[in-house]
Amino acid sequence: MDCLFCKIIAGEIPSYKVYEDEFVYAFLDINPTSRGHTVVIPKIHIERFTEMAPEDVGRLFRSVSQVARGIEQILSIHGSNIGINNGEVAGQIVPHVHVHIIPRREDDNGGSMHSIVNMPGDTSDLEELADVIRGAF
Ligand code: AMP
Ligand code: ZN
């Protein structure tokens, strides 16, 4: 499999592992946005988060929670941004699902989810929009 993260899991490319279990592998991001920036990946190769089976999502996020809690405790951090760039248009570069854990500090000058994009479109029809989206379920 010609996938960077599959090669990291297989040990063919070195990584700074911080955690591993049956289903996930977690390692330090090589280009961190904050100290302790960690990436958690499922060991199975799937490109997109929205393609994952529900039970696999559960397993992934149980481990993400555990890793985030561990990082916060050991590095004395009081918060983090936990997120996924889901698809190329959303900034996903490596086509293997990965969850970023970005430790946050009081003085880091960072933003929140609202700083990712700011093009809300029309907000006068939110009830209509919610109705459209409910149609998916
Ligand atoms: P994304 O934009 O969500 O696809 O992010 C991919 C992330 O993987 C980026 O934050 C990269 O810095 C990180 N990354 C790429 N190659 C490596 C590597 N060999 N070891 C650790 N992290 C990597
Ligand atoms: Zn892969």
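Residues numbered from 1 in each chain as written. Chains lettered and ligands numbered in written order. Predicted model: local features only at pLDDT ≥ 70, side-chain atom pairs only at ≥ 80, totals over all residues. Heavy atoms only, no water.

Trainee: Please clarify how the overall build of the protein chain should be interpreted in this entry.
Mentor: Within the protein chain one finds 3 helices and 5 strands. Secondary structure elements of the protein chain, listed N to C terminal, follow the sequence α-β-β-β-α-β-β-α. The buried share among the 137 residues of the protein chain stands at 28%. In the protein chain, the share of contacts with a sequence separation of at least 24, taken over all contacts with a separation of at least 6, comes to 53%. For the protein chain, the accessible area works out to roughly 9400 Å², and carbon and sulfur atoms hold 55% of it. Each charge sign in the protein chain was given a centre, from 11 positive and 20 negative side chains, and these centres are 9 Å apart. (Helix = DSSP H or I, 4+ residues; strand = E, 2+ residues; numbered from the N terminus. Buried < 20%, exposed > 50% of the residue type's maximum accessible area, 1.4 Å probe, protein only. Contact = heavy atoms within 4.5 Å. Areas by Shrake-Rupley, 256 points an atom, 1.4 Å probe, with all protein chains shown as cover. Lys, Arg positive; Asp, Glu negative; His and termini not counted. Charge placed at Lys NZ, Arg CZ, Asp CG, Glu CD.)

Trainee: What is the right way to read the nonpolar core from this model?
Mentor: Generally speaking, a soluble globular protein has its nonpolar side chains buried in company with each other. With 14 residues, the main nonpolar core has V40, M52, L60, V64, V67 and I101 as its most contacted residues. Those elements that place two or more of their residues in this core are β2 (24–28), α2 (54–74) and β5 (99–104). Tallying contributions element by element places α2 first for this core, with 5 residues. Contact partners of V67, with chain neighbours within four places excluded, come to Y19, A26, T38, V40 and I101. Judged by nonpolar contacts, the second largest core, of 9 residues, contains C3, C6, Y25 and V39. (Core = buried A, V, L, I, M, F, W, Y, C linked by side-chain atoms within 4.5 Å.)

Trainee: What is the right way to read the pattern of salt bridges from this model?
Mentor: In total, this model carries 8 salt bridges according to the counting rule given. In this structure, R59 and E22 form a salt bridge, with 3.8 Å as the shortest nitrogen-oxygen distance. With R59 in helix α2 and E22 in the loop between β1 (17–20) and β2, this pair connects stretches of sequence that are 37 residues apart. Here R59 falls in the partly exposed class, since its relative accessible area comes to 32%. The class for E22 is exposed, based on a relative accessible area of 73%. Ionic pairing is found between D108 and R104, a salt bridge with its closest N-O pair at 2.6 Å. Taking relative accessible area as the criterion, D108 reaches 30% and is therefore assigned partly exposed. Shared partners join several salt bridges into a network, and the residues in it are K17, E20 and K43. (Salt bridge = Lys/Arg side-chain N within 4 Å of Asp/Glu carboxyl O.)

Trainee: Is there a simple way to explain the pairing of strand β3 (residues 38–42) in this structure?
Mentor: For a regular strand, side chains alternate in direction, first toward one face of the sheet and then toward the other. Of all 5 residues in β3, 5 are buried; the element is thus mostly enclosed. Judged by which residues are buried, β3 turns out to be covered on both faces: T38, V40 and P42 on one side and V39 and I41 on the other are all buried. Across 5 bridges, the pairing between β2 and β3 is antiparallel. Among the inter-strand pairings, V24 is bridged to a residue of β3, identified as P42. Pairing geometry for β3 and β5, over 3 bridges, is antiparallel. The residue of β5 that forms the bridge with V40 is V99. (Pairing = 2+ DSSP bridges.)

Trainee: Hey, could you run me through the coordination of the zinc ion (ligand 2) in this one?
Mentor: By definition of the ideal shapes, four donors in a tetrahedron about a metal sit 109.5 degrees apart, and six donors in an octahedron sit 90 or 180 degrees apart. For the zinc ion (ligand 2), every protein donor is listed as C3 (SG), C6 (SG), H45 (ND1) and H96 (ND1), and the spread of their distances is 2.0 to 2.3 Å. Sequence spacing of the donors to the zinc ion (ligand 2): C-x2-C-x38-H-x50-H. Taken together, the positions of C3 in the segment before α1 (4–10) and H45 in the loop between β3 and α2 put the pair 42 residues apart, joining distant regions of the chain. Classification of H45 as partly exposed rests on a relative accessible area of 30%. (Donors = N, O, S within 2.8 Å, 3.2 Å for Na, K, Ca; no water.)

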